[in-house]
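One-letter residues, chain by chain:
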Amino acid sequence: MRRSLLSSLRAHLGRLVAACLAIVLGVGFGSLAMIVHSSASHGIDETIGAQYKGVDAVVYPSRATISPADITKAQQVSQARAVVTLTTTYLNAAYPDLVRPTGIEIDALHDSTVIAGPGTSSGRLPTATNEIALPARQAAKHKVGVGDQLRISGYEGRSWTLRVVGLIDDEKSVGTAPAVITPAGMKAIAPEAFVRAIALAAKPGVSQVQLADATRAVVAGELTVYTGKEFVQHEVEGYTHGIDVLGGVFGMFALIALFVACLVIGNTFTIVIAQRTREMALLRCVGASRRQVFTSVLAEASVVGVVASAVGVVFGVALSALALTLSREFDWGIPKVPLHLDLASVFVPLLLGTLATLIAAVVPARRATKVAPLAALRPEAAPAAGSRAGVLRLLAGFLLLAGGGALLAAGAAMHQVLIGVAGGVISFLGVLAVGSLLVPALIRLIGALPARGGGVPARIAVANAVRNPKRTAATTSALLIGVTLISLTCVGIASVQKTFDVTMNGQYPVDLTVTAWKEKMPASAEQQLRDIKGITQVVPVSTADVKAAGQEMSVTGIDQAKAGSVIHDQELAGKLKAGTALLTYPTMRGLNVTEGKPITIVAGQHKLTLTVQLSIGLDPITLTSTDLAKLAPNASVTGYWLASDPNANARDVIDSVQQSIPSVKDLTVEGGLAKRATYTQIFDVLLIVGIGLLGVSVLIALVGVGNTLSLSVLERTRENALLRAMGLSRGQLRRMLAVESLLMAVVAAGLGIVLGLIYGWTGTSALMGGQTTTGAVEYAVPGTLLIAIAAVAAVAGLLASVLPARRAAKVAPAGALATE
């Protein structure tokens, strides 16, 4: 049988290319996911380990602050060779390229002879109280070099001028590295700086566990004491949690890709074995047993699986190296990690790819052994549409649909994600089970139009597409999975984002608020803000100090006619009218008033009684500018409320606003734009990553469509030749195969989009229903994306027919009719 296996592989290699390609893509993608995750985790592990080199125990303030007494007690631990305090403060730095100071993290230097400290890429570390070393990337960003002067200020108004004597080497730092000053400088500048940890190094012969136990016995019980190894792991977990989550997402999509590849492989082997029925029957006639036939098919699948999986791993390693190289060009806040290969990231994808191929080939292999030798020498009849197995399959499919649909509805109603996911999986399995009935029916329905206006080629294409319902359903199922998942992702993210936007409009109704602290805004301030790219509306606000319910408060006044242009929540904007005071809930509680009740506000000799209305996200008390003028006729403009272009870069807009109006010393910029922009960016990245990852599944599925069509062309060689002999031109033959492929792609895309809408909406309800303040969920239909998905699937279906159609058109009618 070994010779038979080798000759079979040589003879049918062309028919197995699509299956090999599906395995390569699936395994390559899984290998990429595991290698990138392994490299990122390993890089951060190595980086943080280097930062805490020499540390054998750490006192960490997880539940309480570290007191001077704790530091003294730690320094008296007899098992410790060295004890250093890690001290940090946050101040403001006046960089030369910025109008106003910005926040900076500063650490105090410590003795680094035993426990590692920071190193410099240029210059030296500070030795005097008026010296500072800046992280190299931060210094380069703000154009500060060694020898420059830098103004540092505290939040209480004091400031100091320090000389930059060095640049910290932060090439491998995780996130933004801190600046450093001397311990004496820290005491002078920030005497209230907090101790973020106490690091201890053990004496020779003392283990990390012994040192940690001795330290734990003397410091406060609320403090956490780690061994050096445990603390490094603690820090690594803090940074790699997001990587682990992303790794899980990558792994999930990799499994999806492998599952789709299994469908393509199984379909390919089914068709190839069906075409080799006579060949296998001859083997049975000359003495091969059923077991030998079964073993030969599995052996063939094993060879294909191992070779294709190995190529896939190599492909994944190459893609990983490329991805990590490109990642170094962008500042993602993680160190530049090198490619790291471990046994799991290489052999697990190899093993999974091989097993997937074997599993996918089991059913076709068993089918190959069930046909009697003499019966197999006769032409195989078309599968019976109403066989007992088919009826049971349909019955099980409808039961799965009903049960899964009920769980979907329950998950959406109860806001339980796990129930919804279970319902989605079960109902989708039901769709796949009834595919042999559903897909041909949809093809007939959709194919009615081309069959009516496309002539004989179109009618034959429709008939060919539904001739073998089981094969057609298997072919479209791979594409159906990809389109459903992409549609689900697009609809789900769009719905979650719309729900989030509505929630954000309620919690943060104004994009940006600009306020001057104890200063008047210059007359040109409004125009300066309007000139910022990305700012669409600027509305001035005035403030006045008043008394309400006996308490001193500050009230804000805004023009009623213009408020709606900067307040996203139009219901809230509608509440702002003459005679009404908008109070936040904490203000209402502090003043002991309730919504709808009157409140009297006093400003000097002026008094005004207003009706209380609840507001969320505005100033403590907001009035119309008309009412404020009655209380404080001379109230000046102290700030502005801004609206921004949703398509503008939010970070750039915020930076520009923060650096605007240079004549104002203390400018406070707040609002929901930063948080809104952060989540919007996350949604955009998730959408891009999701579509990109799932696109691999669609690519594999389209390989399956093209493979099925190619093998179908081989099966119908005599039939196509007969059509050519009866007058069908080469162009009509190509058109016939194109219509057949297009019908399968369109049905898969249409059904996938419908399922994606259902799963996306129910999933959003299950995920977000319990997260919003009102429990309301907004559903979205990303029409442009869904149309694009359908168009891509249709075009890809046409492209999948090109090579099979060309191959069919090249065969001469006479020669084809003469073949067996």
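Nothing here was measured: the structure is a model prediction, and the numbers come from that model.

So, about the pairing of strand E17 (residues 621–624). Where burial is concerned, the two faces of E17 agree: the one with Ile 621 and Leu 623 and the one with Thr 622 and Thr 624 are both buried. Note that strand E13 (residues 551–558) and E17 share 3 bridges and pair parallel. Across the sheet, residue Thr 556 finds its bridge partner in E17, namely Thr 622. The pairing of strand E14 (residues 580–584) with E17 spans 2 bridges and is classified as antiparallel. Counterpart to Leu 582 in the pairing with E17 is Thr 622.

The next thing to look at is the nonpolar core. If you look at the biggest cluster of nonpolar residues, it comprises 23 residues, and the most contacted ones within it are Ile 104, Ile 106, Ile 132, Leu 134 and Ile 152. For this core, the secondary structure elements donating two or more residues are strand E2 (80–94), strand E3 (102–108), strand E5 (131–135), helix H4 (136–141), strand E6 (149–153), strand E7 (159–168), strand E8 (179–181) and helix H5 (183–189). Among the elements that make up this core, the one with the highest residue count is E7 (4 residues). Apart from the residues lying within four places of it in its own chain, the contact partners of Ile 104 are Thr 89, Tyr 90, Leu 91, Asn 92, Ala 93, Tyr 95, Leu 134, Ile 152 and Ala 179. Core analysis: the next-biggest nonpolar cluster, separate from the first, contains 21 residues, Leu 591, Ile 601, Leu 608 and Ala 632 among them.

Our focus in this paragraph is the side chain of Thr 88. Relative to the helices and strands, Thr 88 resides in strand E2. When its relative accessible area of 1% is taken as the criterion, Thr 88 is described as buried. Among the polar contacts made by the side chain of Thr 88, one reaches the side chain of Asp 107 at a distance of 2.7 Å. Residues contacting Thr 88, with those up to four places away along its chain left out, are Glu 105, Ile 106, Asp 107, Met 186, Ala 193, Phe 194 and Arg 196.

A positive phi angle, close to 60°, is found at Asn 592, a residue other than glycine. Residue placement: Asn 592 occurs in the loop between helix H20 (585–591) and strand E15 (598–603). In this structure Asn 592 comes out as exposed when scored by relative accessible area, which is 71%. A positive phi angle, close to 50°, is found at Ile 661, a residue other than glycine.

Calculation criteria
- Residues numbered from 1 in each chain as written.
- Predicted model: local features only at pLDDT ≥ 70, side-chain atom pairs only at ≥ 80, totals over all residues.
- Heavy atoms only, no water.
- Buried < 20%, exposed > 50% of the residue type's maximum accessible area, 1.4 Å probe, protein only.
- Helix = DSSP H or I, 4+ residues; strand = E, 2+ residues; numbered from the N terminus.
- Pairing = 2+ DSSP bridges.
- Core = buried A, V, L, I, M, F, W, Y, C linked by side-chain atoms within 4.5 Å.
- Contact = heavy atoms within 4.5 Å.
- Polar contact = N/O pair within 3.5 Å; in protein donor to acceptor, adjacent residues only side chain to side chain.

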